[in-house]
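Examining the three-dimensional arrangement
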Amino acid sequence: MNLREISSQIEAKLSEIFSEELTSGLAAREDSRAFGAMVEKKIADNWEQICADLGHSPLERPGRRSIFDFALQSNGKIIGLDVKTKDLDSTRYSDGGICAVGNLLKFLANDDGIFLLAEFGHNKLSDQREKRDIVYIRVVPFTLLPRDAYRIENLGTGQVRLNYTVDQVWEEIDWSRDVTNFYDMFIDLATQHYRRVSSDALNRIAALEAFRKNGYKNFSFNRR
């Protein structure tokens with residue numbers, strides 16, 4: 001399957017259904033989550049037609065625990081699309097959260113799935129406070145981003161996050177990367193993370209034991 005081609009096709013269809021918003025803006029909301037929900041609703045309203053136009057079979061929307069928001073089947077493969085809205089205001093915080101390490105690997109390896117990110121960059125229109133402008137739409141396979149775009153944090157069993165927006169690393173996407181090469185790189189990254197948090201956990205256990213030994217006085221988790 002040509003990942004570049006299918007990503008480009010989905011991106012083109014999303015740009016088509018959001019063509020008006022790309023030129024005239026979309027109603028703003030009180031926070032980025034509500035704005036993102038509006039974007040998702042418009043995709044949901046058009047998902048079956050998008051799939052039909054591209055010759056794919058739409059799948060029912062997954063539950064909340066899924067790592068993606070929309071899915072289709074093509075040539076026997078499940079393709080999941082995770083929709084991200086990125087506020088381009090540099091003063092706004094965005095954590096780049098994607099999904100848990102285990103859930104990502106289960107979908108890619110166990111389900112033999114393809115995981116796409118659809119990133120919508122947006123900001124406020126300078127002359128209309130009540131509207132936001134969708135500046136760009138980028139669709140890319142998650143496994144093709146540059147190595148330094150990925151990071152893992154210790155939320156639950158490990159949370160995959162991005163250091164950069166898809167748009168920021170667009171020219172660095174490795175369209176020829178094999179999924180095995182992604183696994184080699186990602187497993188190294190995940191292993192380093194789990195070794196680090198394992199060491200931190202042992203230090204915290206030692207601090208708790210010292211606290212008990214000291215009669216429950218002067219507690220602290222010493223930072224390394």
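Residues numbered from 1 in each chain as written. Predicted model: local features only at pLDDT ≥ 70, side-chain atom pairs only at ≥ 80, totals over all residues. Heavy atoms only, no water.

Concerning the sheet that holds strand β9 (residues 159-162)
Sheet strands pair by backbone hydrogen bonding; their relative direction is either parallel or antiparallel. Strand order in the open sheet made by the 3 strands is β5-β9-β8, with antiparallel pairing throughout. A single partner strand is all that each edge strand has here, and the edge strands are β5 (97-100) and β8 (150-153). Averaged over all adjacent pairs, the angle separating strand axes in this sheet is 30°, with direction ignored. Across 3 bridges, β5 lies against β9 in antiparallel orientation. (Pairing = 2+ DSSP bridges. Helix = DSSP H or I, 4+ residues; strand = E, 2+ residues; numbered from the N terminus. Axes fitted to C-alpha atoms, helices over the stretch in contact; angles between N-to-C directions.)

Overview of the side chain of Thr-143
Here Thr-143 lies in the loop between β7 (128-141) and β8. A residue is classified by how much of its surface remains accessible, and Thr-143, at 10% relative accessible area, is buried. With sequence-adjacent residues up to four places away left out, Thr-143 is seen in contact with Leu-108, Tyr-150, Arg-177 and Phe-182. (Buried < 20%, exposed > 50% of the residue type's maximum accessible area, 1.4 Å probe, protein only. Contact = heavy atoms within 4.5 Å.)

Section: helix α5 (residues 179-213)
Side chains three or four residues apart in an α-helix point the same way, a direct result of the helix having 3.6 residues per turn. In a regular helix each residue adds 1.5 Å, so 35 residues correspond to 51 Å; α5 covers 50 Å between its end C-alpha atoms and thus fits that length. Among all positions in α5, only Phe-182, Met-185, Phe-186, Ala-190, His-193, Val-197 and Ala-207 are buried. Tucked inside the fold, the buried residues of α5 contact α4 (101-110), β8 and β9. Measuring from the side-chain oxygen of the N-cap residue of α5 to the backbone nitrogen of Thr-180 gives 2.7 Å; that N-cap residue is Asp-178. Count one or two residues on from α5 and you reach Gly-215, which has phi positive near 75°. (Expected span 1.5 Å × (residues − 1). Polar contact = N/O pair within 3.5 Å; in protein donor to acceptor, adjacent residues only side chain to side chain.)

What about the confidence of the model for the protein?
For the protein, per-residue confidence averages 88 on the pLDDT scale, and 86% of positions sit at 70 or higher. Here strand β1 (residues 26-27) stands out as the least confident element of the protein, with mean pLDDT 58; strand β2 (residues 57-58) is the most confident, with 97. (pLDDT = per-residue confidence, 0-100.)

Re the pairing of β9
Both faces of β9 are covered, namely the face carrying Gln-159 and Arg-161 and the face carrying Val-160 and Leu-162. Bridge count between β8 and β9: 4 bridges; the pairing is antiparallel. Counterpart to Glu-153 in the pairing with β9 is Gln-159.

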